[in-house]
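A look at the structure
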Amino acid sequence: MMRLLLSPSSEISIHSFGDGGVLFLNGSRRIWVLNSTSAFIWCLLDEVDSLDELACRVATTFHINKPKALHDVNYIMRVFEREGLFDTKAHAESIETDGNWDITPIGPMISEPDNWAIKGYFRIANHLFEFCCQDTSMGNSFTSIMKHMATNSGGRPDTRIAVASGTGGAKTWDVFLDDLGFSLGLADDEVLPQLATLFFVRSCEALKDRLLFHAAVIEMGETTVMFPGEAGSGKTTLTAALLMNGSRYYSDELAVINVDDLHVSPLPLPMSIKPGSVKPLERYYPGLKHRHIHRRSDGKMVRYLSPSPHNLPTGERSSQIDVLIFPKYIEGIENRMVALNKTEALRRLARTGSSNRVFTNRDVGAMIALIERKPCYEMRFSDLHQAVSQLKNLAASFEESSTVRNSV
């Protein structure tokens, strides 16, 4: 009999997830979360030869009539085809790359000065940075926001970052990465964001064995909360406010997950505060609006906040994530927090994945395990103070439940 169905791509693997499944395109960062019907259909594609046979199997398994089953099968097959999931060349072009991680220096070699006004060392993700700057004021501005990560030299640095007087004119600066020009002719307000980018990306490159998500992570009492969210979701604003309520700071930008035990490690880089967050955070950080404003390469203006020493986890501590909360700031909305079903939570988590490498099957398995084992919520808010109170109450309820379980 001639086969009438397209075959699933050999480059796509499937993982069990709840009543459905997760498809993963090997060599990419793409996953698709399937409900029970879609997963059932996918698993049958190599067993049946026609849509009619496929619809009959669906009708029998899910106890629906044949016309309904045929409608569902046709719809799902069109989705599969549109997403490039069949054994054709279409899906090959869907492998994603992320140019935002490319910090390859292409400028000239640095002309080493006789001495540096400021020199310091910082250890982040077990990666040693050396920082040098020709200007005292500029150097102090940067080292002041990084002081919580300062260390002794401890040997040869893994990365050297330097700021020298600009060759493009008066009052400009050149930034060098490992003695090669990275960004030249910068104005005063453009330097710190360039430095922050270099520290951020090199730290992430040192974490290539970890699973990284765009997410803030804090520890409230004994409860570790992960806030996955894309830019503008409010995760940094929430984090900054919670720190002033005694929380410990892991990160405002990246959750660093060990795929073996699902523990999260600190990456406490300075927080970037955008203009819309200044007013709601003023009650927690008086004078925030008067801090220096810096211009990022994407044109956005930011202020930098560093955590206080008492907000930092001790030593090389890692923690088990207790709850995932997907924040969304919407002006004027009434605050509310609702439980998310696991399928929607996994879809949202996958969208925040930002590892500077392709996913592996172990990564996908870790994502699934994290969502299956931990409660997940959506938090929509406009009132920051009320959101902080709601989160503190949630953390307290987790601790109370844990105490009860441990006492039984």
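Residues numbered from 1 in each chain as written. Predicted model: local features only at pLDDT ≥ 70, side-chain atom pairs only at ≥ 80, totals over all residues. Heavy atoms only, no water.

1. Comments concerning the pattern of salt bridges
Quick reminder of the rule: Any carboxyl oxygen of Asp or Glu that lies within 4 Å of a side-chain nitrogen of Lys or Arg is treated as forming a salt bridge with it. Every helix listed is a DSSP run of H or I at least four residues long, and every strand listed is a run of E at least two residues long, numbered separately from the N terminus. Three labels apply to residues, based on accessible area from a 1.4 Å probe with only protein chains included: buried if under 20% of the type maximum, exposed if over 50%, partly exposed otherwise in between.
Evaluated as defined, the whole model comprises 20 salt bridges. Across the salt bridge formed by arginine 202 and glutamate 205, the nearest N and O atoms sit 3.2 Å from each other. With arginine 202 and glutamate 205 both in helix α5 (residues 188–205) and three residues apart, the pair spans about one turn of that helix. Using a relative accessible area of 28% as the deciding quantity, one classes glutamate 205 as partly exposed. Among the salt bridges present, the one from aspartate 209 reaches arginine 210, with a minimum N-O distance of 3.6 Å. What emerges from the salt-bridge pattern is a single network uniting Glu112, Lys119, Glu130, Arg160 and Asp179.

2. What about the nonpolar core?
For clarity, the threshold we go by: Among the buried residues, those of types Ala, Val, Leu, Ile, Met, Phe, Trp, Tyr and Cys that are joined through side-chain atoms within 4.5 Å form a nonpolar core.
Core analysis: the largest hydrophobic core is formed by 34 residues, its most contacted members being Phe131, Val163 and Phe199. Those elements that provide at least two residues to this core are β4 (118–124), β5 (127–133), α4 (136–146), β7 (159–165), β8 (173–177), α5, β13 (254–257) and β17 (301–305). Of all the elements, α5 adds the most residues to this core, at seven residues. By size, the runner-up hydrophobic cluster in this structure holds 33 residues, among which are Val259, Leu324, Leu340 and Val364.

3. A short note on helix α1 (residues 36–44)
Because each turn of an α-helix spans 3.6 residues, side chains separated by three or four positions in sequence point in the same direction. The line we're drawing: Should any heavy atoms of two residues lie within 4.5 Å, those residues are considered in contact. Pairs of N or O atoms within 3.5 Å make up the polar contacts considered here, provided that, within protein, one atom can donate a hydrogen while the other can accept it, and that residues adjacent in sequence are counted only when both atoms are side-chain atoms.
Residues Thr37, Ser38, Ala39, Ile41, Trp42 and Leu44 constitute the buried set of α1. Of the surrounding elements, those touching the buried residues of α1 are β1 (12–17), β2 (20–25), β3 (31–34), α2 (51–62) and α3 (66–82). Residue asparagine 35 occupies the N-cap position of α1, its side-chain oxygen lying 3.3 Å from the main-chain nitrogen of threonine 37.

4. Details of the packing of helix α8 (residues 342–351) against helix α9 (residues 361–373)
To keep things clear, this is the line we draw: An axis is simply a line fitted to the C-alpha atoms; with a helix, the fit covers only the stretch in contact. Between two such axes, the angle follows the N-to-C directions and lies from 0 to 180 degrees. Each angle is binned into one of four classes, with values under 35 degrees roughly parallel, values over 145 roughly antiparallel, values of 65 to 115 roughly perpendicular, and all other values oblique. Here a crossing is called left-handed whenever its near helix is offset anticlockwise from the far helix by less than a right angle, and right-handed whenever the offset is clockwise. Residues were grouped as follows: Ala, Val, Leu, Ile, Met, Phe, Trp, Tyr, Cys and Pro as nonpolar; Asp, Glu, Lys and Arg as charged; and all remaining residues, including Gly, as polar.
Look at α8 against α9: their axes get within 10 Å of each other, and the N-to-C directions meet at 135 degrees. Accordingly, the angle class assigned to the pair α8 and α9 is oblique. Like other packed secondary-structure pairs, α8 and α9 cross with a definite hand, here right-handed. Along the contact surface, α8 presents Lys342, Ala345, Leu346, Leu349 and Ala350, while α9 presents Met367, Ile368, Leu370, Ile371 and Glu372. Broken down by class, the residue content of the contact of α8 with α9 amounts to eight nonpolar, no polar and two charged.

5. Some thoughts on the packing of α1 against α2
At a minimum axis separation of 11 Å, α1 and α2 run at an interaxial angle of 135 degrees. Taken together, α1 and α2 sit at an angle that is classed as oblique. Seen from above, α1 lies across α2 with right-handed handedness. Side by side, α1 and α2 meet where Ser36, Thr37, Phe40, Ile41 and Leu44 of the first sit next to Leu54, Arg57, Val58, Thr61 and Phe62 of the second. A class-by-class count of the residues in the contact of α1 with α2 yields six nonpolar, three polar and one charged.

6. Some words on the confidence of the model for the protein
Threshold: Values of pLDDT, ranging from 0 to 100, describe the predictor's confidence in every residue of the model.
Averaged over all residues, the pLDDT of the protein is 90; the fraction at 70 or higher stands at 94%. Within the model, the stretch residues 89–99 combines pLDDT values under 50 with 14 contacts to residues more than four positions away or in other chains.

7. A word on the packing of aromatic side chains
We count it as follows: We call Phe, Tyr and Trp rings a pair once their centres come within 6.5 Å, taking the six-membered ring for Trp, and we label the pair stacked below 30 degrees between planes, edge-to-face above 60, and tilted otherwise. A positively charged side chain is recorded as over a ring if its NZ (Lys) or CZ (Arg) lies within 6 Å of the ring centre. The angle to the ring normal must also be within 35 degrees.
Across all of its chains, the model carries nine aromatic pairs by this definition. Centroid distance phenylalanine 80 to phenylalanine 86: 6.3 Å. Interplanar angle 80 degrees. Geometry classified as edge-to-face. In this pair, the class of phenylalanine 80 matches that of phenylalanine 86, namely buried. Their ring planes at 20 degrees and their centres at 4.4 Å tell us that phenylalanine 129 and phenylalanine 199 sit as a pair that is stacked. In this pair, phenylalanine 129 is assigned in strand β5 and phenylalanine 199 in helix α5, connecting sequence segments 70 residues apart. The burial state of phenylalanine 129 is the same as that of phenylalanine 199; both residues are buried. Within the aromatic cluster, the residues linked to one another by ring pairs are Phe122, Phe129, Phe131, Phe142 and Phe199. We note arginine 283 situated over the ring of tyrosine 284; from NZ or CZ to the ring centre the distance is 5.7 Å.

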